[in-house]
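Chain and residue survey
So the chains spell out like this:
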Amino acid sequence: MNERFWKGFWNPPRICTQSPFWFLNDVVDGDVYVSQVEEMAKKGVLQVMPHPRYGMDRREYLTPHYLDAFQRMVERAEELGMTVNLYDDFN
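Residues numbered from 1 in each chain as written. Predicted model: local features only at pLDDT ≥ 70, side-chain atom pairs only at ≥ 80, totals over all residues. Heavy atoms only, no water.

1. Structural notes on the pairing of strand β1 (residues 21-24)
With burial as the criterion, only one face of β1 is covered, namely that bearing W22 and L24; the residues F21 and F23 on the opposite face remain uncovered. Taken together, β1, helix α2 (residues 30-42) and strand β2 (residues 47-52) constitute a β-α-β crossover, and its handedness is right-handed. (Buried < 20%, exposed > 50% of the residue type's maximum accessible area, 1.4 Å probe, protein only. Helix = DSSP H or I, 4+ residues; strand = E, 2+ residues; numbered from the N terminus. Right-handed = clockwise from strand over helix to strand, strands pointing away.)

2. Regarding α2
For the α-helix, the turn length of 3.6 residues means that residues three or four positions removed from each other point alike. The end-to-end C-alpha distance of α2 is 18 Å, a good match for the 18 Å that 13 residues give at a rise of 1.5 Å each. G30, Y33, V34, V37, M40 and A41 are the residues of α2 that are buried. All buried residues of α2 fall inside an arc of 125 degrees around its axis, so they share one side. Residues of α2 that are exposed and angled more than 90 degrees away from the buried face: D31 and K42. Taking the backbone nitrogen of D31 as reference, a side-chain oxygen 2.9 Å away marks D29 as the first, capping residue of α2. Looking one or two residues beyond α2, the residue adopting positive phi is G44, at roughly 90 degrees. (Expected span 1.5 Å × (residues − 1). Arc of directions from axis to C-beta. Polar contact = N/O pair within 3.5 Å; in protein donor to acceptor, adjacent residues only side chain to side chain.)

3. So, the sheet that holds β1
Taken in spatial order, the three strands make up an open sheet running β1-β2-β3, and their pairing is parallel. Sheet topology places β1 and β3 (83-84) at the edges, where each strand pairs with a single neighbour. Pairing of β1 with β2 involves four bridges; the strand directions are parallel. Residue F23 lies in a different strand from β2, and its bridge partner there is H51. Across the sheet, α2 touches β1 and β2, and the angle it forms with β1 is around 160 degrees. (Pairing = 2+ DSSP bridges. Contact = heavy atoms within 4.5 Å. Axes fitted to C-alpha atoms, helices over the stretch in contact; angles between N-to-C directions.)

Below, the structure written as structure tokens:
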């Protein structure tokens, strides 16, 4: 195998980091979302896939409060050089 392959294998590009499902299944809270994004970045998780799930009050989903919290999370992720992958809607 060539040197380029091994270099990429041992030090993969950022696009190749894991992208875990991130279940948003509690009270909608932008401070918590930002804090969790920061913690994931510290651990080397540079992509996330937020997914609203049971546990979140479905009446909060897509409200201005939810969208503000989500936007704060996306903006902080961008500042940290992370990628936010959208999955689908609530459940």
